[in-house]
Amino acid sequence: MPPAKKRPRRYDPARTRAAVLAQAAHVRDAVFALPSEAYGRPTRLGDWTVRELVAHLTMVLASLSRKLTEPEPARAELALLDWPLATAAGAAGIDEDTRARVTDDPAGQYERTRAEFEERLAAAPDERLVPTRFGAMTLADFLVTRTVELTVHTDDLAAATGAEIPYDRQALAACTRLLADALAAKAPGGAVEVRIPPYAVVQCVEGPRHTRGTPPNVVETDPLTWIRLATGRTGWAAELDAARIAASGERADLAGLLPLMG
């Protein structure tokens, strides 16, 4: 019998909105604090410099802001849980759109975009459908994807510049949970328990399911390490060697399932 399909996790729309706005503000503070020479530094994202990275963070907000002015699609086409795995197909277009947004005033452009985003978001209902690169979604669901974009790229920006940028707790939690649920959807089953305290616990991988006591196959890591693994910022072997992953049991090797996002 195939594993039972996982019921989608529910996210509180009001908390998600607040988290997106809070993390967007943390990014604003960080980019305004960067010295001008920092924008030419390399990042871990191919040949993107910090300038392209900030342009992409601007696009994360601008794309939704623009979509809120477009006609509402007739029906939803993409479930939230399918979004992480769908993103790989859009890599080339995302790169092209990012480069088109590069400017000599990255901080100013980001702040103007953030302010417009906040204004338009305030007037939009959670159930409104918005067109996206991968299919129409409800605004409430699409905002959960913005917690992933903002959290992941906050980490990229901190790694490239050495800046200490806060993570909104709810944004970090939503990002961690969505990526954990995407793993469970990619490899359904109950043989391995993946723990990412304090935000998520999921079971995945086909095989014997435990019903009580300590599971025979357990993976545990912290939220940022998990996010880096799920998005290809780091590799399984490196994090295992660095003791940032604890893995026990013969099936507790997720290397072949990661990353989840392109």
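What this report covers is the structure whose coordinates are included nearby.

Quick notes on the rules
Residues numbered from 1 in each chain as written. Predicted model: local features only at pLDDT ≥ 70, side-chain atom pairs only at ≥ 80, totals over all residues. Heavy atoms only, no water. Helix = DSSP H or I, 4+ residues; strand = E, 2+ residues; numbered from the N terminus. Rg over C-alpha atoms; globule rule 2.2 N^0.38 Å. Buried < 20%, exposed > 50% of the residue type's maximum accessible area, 1.4 Å probe, protein only. Contact = heavy atoms within 4.5 Å. Areas by Shrake-Rupley, 256 points an atom, 1.4 Å probe, with all protein chains shown as cover. Core = buried A, V, L, I, M, F, W, Y, C linked by side-chain atoms within 4.5 Å. Expected span 1.5 Å × (residues − 1). Polar contact = N/O pair within 3.5 Å; in protein donor to acceptor, adjacent residues only side chain to side chain. Pairing = 2+ DSSP bridges. Axes fitted to C-alpha atoms, helices over the stretch in contact; angles between N-to-C directions. Salt bridge = Lys/Arg side-chain N within 4 Å of Asp/Glu carboxyl O.

## Focus on the overall build of the protein chain
Logical step 1: Within the protein chain, the regular secondary structure consists of nine helices and six strands.
Logical step 2: Relative to the globule expectation of 18 Å for 262 residues, the C-alpha radius of gyration of the protein chain, 19 Å, shows essentially globular dimensions.
Logical step 3: Projected onto its principal axes, the C-alpha coordinates of the protein chain cover approximately 55 × 45 × 30 Å.
Logical step 4: Counting over 262 residues, the protein chain shows a buried share of 50%.
Logical step 5: A fraction of 72% describes how many contacts in the protein chain between residues 6 or more apart in sequence connect residues 24 or more apart.
Logical step 6: Summing over all exposed atoms, the protein chain offers an accessible surface of approximately 12,300 Å²; the carbon and sulfur share of this is 50%.

## Some thoughts on the nonpolar core
Logical step 1: Residues Leu157, Val194, Trp226 and Leu254 are the most contacted members of the largest nonpolar core, which totals 72 residues.
Logical step 2: When contributions to this core are tallied by element, the ones reaching two or more residues are helix H1 (13-33), helix H2 (50-67), helix H5 (106-122), helix H6 (139-161), helix H7 (169-186), strand S3 (192-196), strand S4 (200-204) and helix H8 (223-230).
Logical step 3: With sequence-adjacent residues up to four places away left out, Trp226 is seen in contact with Thr176, Leu179, Ala180, Leu183, Ile196, Thr221, Leu258 and Leu260.

## Concerning H7
Logical step 1: Relative to the 26 Å expected for 18 residues at 1.5 Å per residue, H7 spans 26 Å between its end C-alpha atoms, a close match to the ideal helical length.
Logical step 2: Where burial is concerned, most of H7 is hidden: 14 out of the 18 residues are buried.
Logical step 3: For H7, the capping residue at the N-terminal end is Asp168, with a side-chain oxygen 3.1 Å from the backbone nitrogen of Gln170.

## Some details on unusual backbone geometry
Logical step 1: The omega angle of the peptide bond from Pro197 to Pro198 is 5 degrees, so this bond is cis rather than trans.
Logical step 2: With respect to the secondary-structure elements, Pro198 resides in the loop between S3 and S4.
Logical step 3: Residues Leu258 and Pro259 are joined by a peptide bond in cis, for which omega reads 0 degrees.
Logical step 4: With respect to the secondary-structure elements, Pro259 resides in the segment after strand S6 (245-248).
Logical step 5: Even without a glycine there, the phi angle at Val205 is positive, about 75 degrees.
Logical step 6: Structurally, Val205 can be placed in the loop between S4 and strand S5 (218-221).
Logical step 7: Residue class for Val205 comes out buried when judged on its relative accessible area of 17%.

## Topic: the sheet that holds S4
Logical step 1: Read across the sheet, four strands follow the order S4-S3-S5-S6 without closing on themselves; strand pairing throughout is mixed. Unpaired on one side and paired on the other, S4 and S6 mark the two borders of the sheet. Direction aside, neighbouring strands of the sheet carry axes that sit 10 degrees apart on average.
Logical step 2: Of the strand pairs in this sheet, S3 and S4 are connected by five bridges, and their pairing is antiparallel. Its bridge partner being in S4, Arg195 is matched across the sheet by Val201.

## Section: the environment of Ala136
Logical step 1: Mapped onto the elements, Ala136 comes out in the loop between strand S1 (129-130) and strand S2 (137-138).
Logical step 2: In this structure the C-alpha to C-alpha distance between Ala136 and Ala38, which are 98 residues apart in sequence, comes to 37 Å.
Logical step 3: When sequence neighbours within four positions are dropped, the list of residues in contact with Ala136 reads Pro73, Arg75, Ala76, Glu77, Leu78, Val130 and Pro131.

## Considerations on the pattern of salt bridges
Logical step 1: On inspection of all chains with the given rule, the structure shows 18 salt bridges.
Logical step 2: Residue Arg195 is joined to Glu193 by a salt bridge in which the shortest nitrogen-to-oxygen separation is 2.7 Å.
Logical step 3: Judged by relative accessible area, Glu193 falls into the buried class, the value being 11%.
Logical step 4: Where salt bridges share partners, they join Arg28, Asp29, Glu111, Arg114 and Glu118 into one cluster.

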